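Letter by letter, the chains look like this.
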Amino acid sequence: MADEYMLVKAGDADAMTALEEDFMLMPIGSAQDIKEAISRLFPGIRWEAAASFNEMRETVTSWSTAEGAPEFHMIEEADGNVTKILIVVDERGEAEHIAKALNLVLVDEQTF
């Protein structure tokens with residue numbers, strides 16, 4: 001059974017509070033840099049883009065991976081940055097490995 005986890009910037013002092021208020025999250029980096037970093041970890045991964053709107057009605061791009069595990073989902077805000085990444089994996093250990101490789105904090109969405 002797959003579980004969802006969230007990755008946020010390691011410098012966020014209180015990731016749980018920041019997640020409750022999306023605007024408080026620090027940018028992880030540009031969508032392009034993040035896609036490249038994840039693609040280095042999983043060379044066969046393919047990215048798909050879809051346009052959507054954020055809470056302020058700005059056009060943003062939603063990025064997700066096509067087919068295969070693990071799944072990655074992220075929103076590229078109007079400024080080009082990403083503040084959180086959603087991952088879907090079969091085992092927590094895999095999520096922990098990905099978080100460490102990307103120097104991010106793993107948040108278990110099942111806990112809140």
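Everything that follows concerns the structure shown earlier in this document.
Residues numbered from 1 in each chain as written. Predicted model: local features only at pLDDT ≥ 70, side-chain atom pairs only at ≥ 80, totals over all residues. Heavy atoms only, no water.

Chemist: Sorry if this is basic, but what is going on with the pairing of strand β5 (residues 71-76) here?
Modeler: For a regular strand, side-chain orientation follows a simple rule: the groups alternate between the two sheet faces. Residue alternation in β5 divides its side chains into a buried set, Phe72, Met74 and Glu76, and an unburied set, Glu71, His73 and Ile75. Strand direction decides the pairing type here: β5 and strand β7 (residues 85-89), joined by four bridges, are antiparallel. The residue of β7 that forms the bridge with Phe72 is Ile87. (Buried < 20%, exposed > 50% of the residue type's maximum accessible area, 1.4 Å probe, protein only. Helix = DSSP H or I, 4+ residues; strand = E, 2+ residues; numbered from the N terminus. Pairing = 2+ DSSP bridges.)

Chemist: I would appreciate a short explanation of the pattern of salt bridges in the present structure.
Modeler: A side chain of one charge can pair with a side chain of the opposite charge if their charged atoms are brought near each other. If you walk through the whole model with that rule in mind, you get three salt bridges. Glu96 serves as the salt-bridge partner of Arg92, at 2.8 Å between the closest nitrogen and oxygen. Linking Arg92 with Glu96, this pair stays in helix α3 (residues 92-102), spanning four residues, or about one helical turn. The partly exposed category is assigned to Glu96, whose relative accessible area is 40%. Asp108 is paired through a salt bridge with Arg92; the nearest N and O atoms lie 3.3 Å apart. (Salt bridge = Lys/Arg side-chain N within 4 Å of Asp/Glu carboxyl O.)

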